[in-house]
Amino acid sequence: MSLLCNTGDWFTLGHGNSYRKIDLYTMDWPASINLEQMTVHAASYGGPIALVKDFKQFLKLSGTGTAKPMIRIFNCAGKLISSITWDNGNLVCMGWSDAEEFLCVQDDGFVWIHDMFGNFQHKFSMGKDVTEVIEAKIFASSSGTGVAVITASYKIYIVNSIKDPKSRPLSELLTLSKDLTCWELVSKERNTCCLLARDTEIIHVRHGDSAPLTHVITMKSEFSSILAMSVSFNHRHLALYTNTGVLWLGSADLKTKYCEYATGRSERPQQIMWCCDEEPHPDRQAVVVSYPSMVLVVGMTGDSNIYTYDSPTVLIQEMDAVRILTNGYHELIQRVPKCTSNIFGINISEPASFLFEAHRKFQERSHQSDEYLCLIQNRLASAVGECVQAAGQEFDSHTQKSLIRAAYFGKGFLSGYNPESYIEMCRVLRVLNALRDRNVGMPLTLRQFNYLQPLVILDRLIFRKHYALAIQIAKHLKLPESRILEHWAFHKIVHDKSELFMIVIQQFCYRSNVFPSTDEEEVARKISNKFLSHQTLERVSFANVAKKAQQVGKTKLAITLLEQEPRKSLQVPLLLKLGANEKALMAATQSGDTDLIYMVILEMKSTTALAKFQMIIRRFPLAQNLYKKYCQANSLSTLKDIYSQEDDFQSQAELGLREALEISNVEVSIPDISGNYKKAGKTLETESCDEAKKLMKHQKTLDEKYQKRLYGLPLHATIRQLLLLGDLKYAERLKSEFRMPDRRFWWLRIQVLSQQFQWDELERFSKAKKSPIGYEPFVEVCLRQRKVEEAKRYLPRCSEENKLKWYIRAGCYVEAATIAYEQKDIDSLLKIYDYCSNDPVLSAKVENLIGQLSSKK
């Protein structure tokens, strides 16, 4: 392969600035398409192309023709995508958004938005005051895609983003007239300014300025007006075209002039586009100017190149190139990348060029291959890298393969070479070639691919309905497939009866001669099978697909799909929205999520008849228990009805007792409560109710006797109050009648006597008979009242195992030491020693006892 094989369409614009023209497609236009009679609106990044007849021209209509504009949308290879018959109003401007939405601006100030298949999306107005629009522009802004219009009264209104269409007029101090020759929008740093050409000056207007700025353009040759202007794709550079055919090139802020170029032509150019390079330096840029039968490419050094055409041309500006569209061909002009120039340039002695030639000689089995490799032995790694990068810049697959093979050949001589960049480029090239296929028609360059990122490109394939290709690319690049599958399912739900749906089925290898079933269950089955056959790391959401089915009115299909959604938090709310309450309740109870269950219960309670609601909820025990809990806090009457229907006598008794306690009406409710407990077979609870009733009778008598509120107190508190009142006889009566244990009664009696400081009575009580609770409680109540002397009366009567502890608590350290010595408890003696450190005599005695015990051991 010759080193000059790729340089046939190269041309030079100044030293080191080589450009090339690449053939992209032979156009498949219908026979009726003639660009000379059309206005063309193409989207950037290889997007769709919209064509409509230029109604400013006088055209003869055929017998089947119509006066209404017919907008036809094609891909970049000329394959028809859709068509729109326009009957809404007079069109002023058309264009594409950054999301490949088709925008149509009417003279009444409304902007209509369609997708590339001609489906209407929505519309918005440029403002209440916007009428009689005479010119409009669709431009790229920092916020997305913007629209600007000029009205018949020469007022300018701008919307910076069609996603949030807030129209704002430019400065009120701006006064325009009919002598305005051209205008352009420049967007930079979240601000959009307008450049207006009038005679030999440029008016710079933007929001917030107190007054517009005027720049007078000076040139070497005289001129009287500026006929056209063009801003570069990155809004950094500006081109002006004068009435004398002179091209002024400079920065967009008009502060720097790059050069002037005299075209030698007096007619107004059809288009001016910038061919920008990745390097920001002005010398690396070029401008493409189109005339009816000629395209002129001008560099910043004043060099130029001319292409002639037999048919009209349309220029399409890209971030790194300019595409040329004709009746028969689609071409691309771009600056030759440095890596490509280093390999295929004339008189080049770069390492990558030697590596490429070494591989070519190796294929020819020539010994010269080794000689070329020896020349770049120390620079082989950079040569491999340049060959890999150059392969990504090529559109021709044979050239790509040659460069990749040369890189593969070179990396074989490198030890420790990291092949990640090589492998990644091979993957990207496969994707780029698939996108450039004429059936897809997206001629992206490597730089455009890297700028858009694979996820955006996948979205664009999805919007074009290329589902099979999108899934293959996602697998190839190891990207999630869930979004593609969901969008395919959306399309299947909406268009399951259409011819387009049959195409989608074929793309997904449904090789059956049977037409798709219109049964919603069959559609759900096919969607489910497709989702389950693509097991991805990212779970595909049946809920999103079901939501789409619900939006188009296919409720049964939505419910069927939702039954397969494993995430209950997504499944349950949508089932409720679809009216499938019982299925929602089943899903919620299966999840065990109480919040979801309560959500369903409350929704069903408000939308379902009470009887039906109660019948449904009884089939789900968890939901019913939670509903009872809800009723317990919010509606006791409802809870009582539920217990009554279920013959739950125990719950009825407990609920009745709770209500009685809340309203202090226990005595009246006791018979019903006791009866319910008896029906439930709760003997202990029944007896407790009977005893409670007897106690209340006693309490009523005592209330009348002592004029003190005892009613409602428990037995323990009632006897305590009687002891405090000194009615020991009635207290013992209640103790006997309600079988209070002696231990509890003694505790009550001891506490009351100590509380009333009746120490003599306490001592008599202790001697009346043997204490069932021992004598430690006597010591405790005395110490609680700080009566140590009283406590000493009971210390000798404490049990042997507890006596030492209580002596220490009472502060009787001498006796405690003696007991500890007798019990041979050194640990307790040590503790006592610590307590009596302030008493030298006692400390010495305890220390002596400790010594005696220690010596015995």
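Just so it is clear, the structure is predicted and the values come from calculations on it, not from any experiment. Each chain has its residues counted from 1, following the order in which its sequence is written. Local features in this predicted model are restricted to residues of pLDDT 70 or higher, and side-chain atom pairs are both shown and tallied only at a pLDDT of 80 or more, whereas totals for entire chains, interfaces and linings draw on every residue. The side-chain values count all of the structure's non-hydrogen atoms but skip hydrogen atoms and water molecules.

Draft legend 1. Quick look at the nonpolar core. Within the largest apolar cluster, 85 residues are counted, with the highest numbers of intra-cluster contacts made by L355, L435 and I601. We call two residues contacting when some pair of their heavy atoms lies within 4.5 Å. Beyond its immediate stretch of four places on either side in the chain, L435 contacts Y25, V440, G441, M442, L444, F449, I457, L461 and I473. Joining through side-chain atoms within 4.5 Å is the link that ties buried Ala, Val, Leu, Ile, Met, Phe, Trp, Tyr and Cys residues into a set, and such a set is a nonpolar core. Using a 1.4 Å probe on the protein chains alone, a residue whose accessible area is under 20% of its type maximum counts as buried, one over 50% counts as exposed, and one in between counts as partly exposed. By size, the runner-up hydrophobic cluster in this structure holds 36 residues, among which are L753, L783, A817 and L853.

Draft legend 2. Region of interest: the packing of helix α27 (residues 759-768) against helix α28 (residues 776-784). To get an axis, a line is fitted to the C-alpha atoms, and for a helix only the part in contact is used. The angle between two axes follows their N-to-C directions and goes from 0 to 180 degrees. We count a stretch as a helix when DSSP gives it H or I for four or more residues in a row; a strand needs E for two or more, and each element gets its number in order from the N terminus. Viewed as axis vectors pointing N to C, α27 and α28 meet at an angle of 170 degrees, and their least axial separation amounts to 11 Å. As the angle between them shows, α27 and α28 are arranged roughly antiparallel. Facing α27, whose interface residues are W759, L762, F765 and S766, α28 presents F778, V781 and C782. Of the residues that constitute the contact of α27 with α28, the class distribution is 6 nonpolar, 1 polar and no charged. Should an angle lie under 35 degrees it is considered roughly parallel, over 145 roughly antiparallel, and from 65 to 115 roughly perpendicular; all remaining angles are considered oblique. By the convention adopted, Pro, Cys, Tyr, Trp, Phe, Met, Ile, Leu, Val and Ala count as nonpolar, Lys, Arg, Asp and Glu as charged, and the other residues, Gly among them, as polar.

Draft legend 3. Structural view of the sheet that holds strand β10 (residues 120-125). Overall, antiparallel pairing links the 4 strands, which are arranged β7-β8-β9-β10 in an open sheet. Lying at the two open borders of the sheet, with one neighbouring strand each, are β7 (91-96) and β10. Direction aside, the axes of adjacent strands within the sheet are offset by 20 degrees on average. Two strands form a pair only when DSSP identifies at least two bridges running between them. Pairing of strand β8 (residues 102-106) with strand β9 (residues 110-114), which is carried by 4 bridges, proceeds in the antiparallel orientation. Residue pairing across strands places F102 opposite H114, the latter belonging to β9.

Draft legend 4. Expanded view of unusual backbone geometry. Even without glycine at this site, H235 takes up a positive phi of about 60 degrees. Mapped onto the elements of the fold, H235 is located in the loop between β19 (226-231) and β20 (237-242). Note on H235: relative accessible area 12%, which makes it buried. With a phi close to 60 degrees, K478 is a non-glycine residue in the positive phi region. Within the secondary structure, K478 sits in the loop between α9 (467-476) and α10 (482-494).

Draft legend 5. Broad picture of the packing of aromatic side chains. Any pair of Phe, Tyr and Trp rings, taking the six-membered ring for Trp, is counted once the centres come within 6.5 Å. Such a pair is stacked with planes under 30 degrees apart, edge-to-face with planes over 60 apart, and tilted for the rest. One pass over the structure, following the stated rule, counts 20 aromatic pairs. Consider the rings of W29 and F74, whose centres lie 5.1 Å apart with planes at 85 degrees: the pair is edge-to-face. Taken together, the positions of W29 in the loop between β2 (18-26) and β3 (38-42) and F74 in strand β5 (residues 70-74) put the pair 45 residues apart, joining distant regions of the chain. One exposure class covers both W29 and F74, and it is buried. Following the ring pairs from residue to residue traces out a cluster consisting of W746, F765, Y775, F778 and Y794.

Draft legend 6. Molecular detail of the pattern of salt bridges. Here, a salt bridge means any Lys or Arg side-chain nitrogen found within 4 Å of an Asp or Glu carboxyl oxygen. Considering all chains together, one arrives at 30 salt bridges under this definition. In this structure, E763 and R793 form a salt bridge, with 2.4 Å as the shortest nitrogen-oxygen distance. Taken together, the positions of E763 in helix α27 and R793 in the loop between α29 (788-792) and α30 (800-810) put the pair 30 residues apart, joining distant regions of the chain. Each member of the salt-bridge network shares a partner with another, and the members are E357, R360, K361 and E364.

Draft legend 7. Inspection of the confidence of the model for the protein at higher detail. Averaged over every residue, the pLDDT of the protein is 82; residues scoring 70 or more account for 85%. Within the protein, helix α11 (residues 499-507) has the poorest average pLDDT of any element, 40, and strand β28 (residues 322-325) the best, 96. Throughout residues 497-518 the model reports pLDDT below 50, and contacts reaching past four residues in sequence, or to other chains, amount to 33 contacts. Confidence per residue, as judged by the predictor, is encoded in pLDDT with a range of 0 to 100.

Draft legend 8. Up close: the sheet that holds strand β12 (residues 144-151). Read from one edge to the other, the open sheet built from 4 strands follows the order β11-β12-β13-β14, with strand pairing classed as antiparallel. Among the strands making up the open sheet, the edge pair consists of β11 (133-141) and β14 (168-169). The sheet contact formed by β12 and strand β13 (residues 156-159) spans 4 bridges and is antiparallel. Across the sheet, residue V147 finds its bridge partner in β13, namely V159.

Draft legend 9. Highlighting the pairing of β13. Residues I156 and I158 point to one face of β13 and Y157 and V159 to the other, with burial holding for every one of them. The turn linking β12 back onto β13 is made up of 4 residues, and Y154 within it adopts a positive phi angle of 60 degrees.

Draft legend 10. Expanded view of the side chain of R749. Summarising the element assignment, R749 is placed in helix α26 (residues 742-755). The buried category is assigned to R749, whose relative accessible area is 10%. If we ignore the near neighbours within four places in the chain, the residues touching R749 are L723, L728, E761 and F765.

Draft legend 11. Representation of the environment of T242 in the model. Relative to the helices and strands, T242 resides in strand β20. Along the sequence, T242 and M219 sit 23 residues apart, while their C-alpha atoms lie 9.9 Å from each other. Apart from the residues within four sequence positions on either side, T242 is in contact with M219, F223, S225, I226 and L227.

Draft legend 12. Geometry of the environment of D593. Tracing the chain through its elements places D593 in the loop between α16 (581-591) and α17 (594-607). Considering only alpha carbons, one finds D593 and S569, 24 residues apart in sequence, at a separation of 8.8 Å.

Draft legend 13. View of the packing of α26 against α27. The N-to-C vectors of α26 and α27 enclose an angle of 155 degrees; their axes lie 8 Å apart at closest approach. Between α26 and α27, the angle falls in the class roughly antiparallel. As for how α26 packs across α27, the hand of that crossing is left-handed. For the pair formed by α26 and α27, the contact residues are W746, R749, I750, L753 and S754 on the first element and W759, E761, L762 and F765 on the second. Classifying every residue of the contact of α26 with α27 by side-chain character gives 6 nonpolar, 1 polar and 2 charged. Helix crossings get a hand from a simple test, with the near helix turned counterclockwise from the far one by less than a right angle marking a left-handed crossing and a clockwise turn marking a right-handed one.

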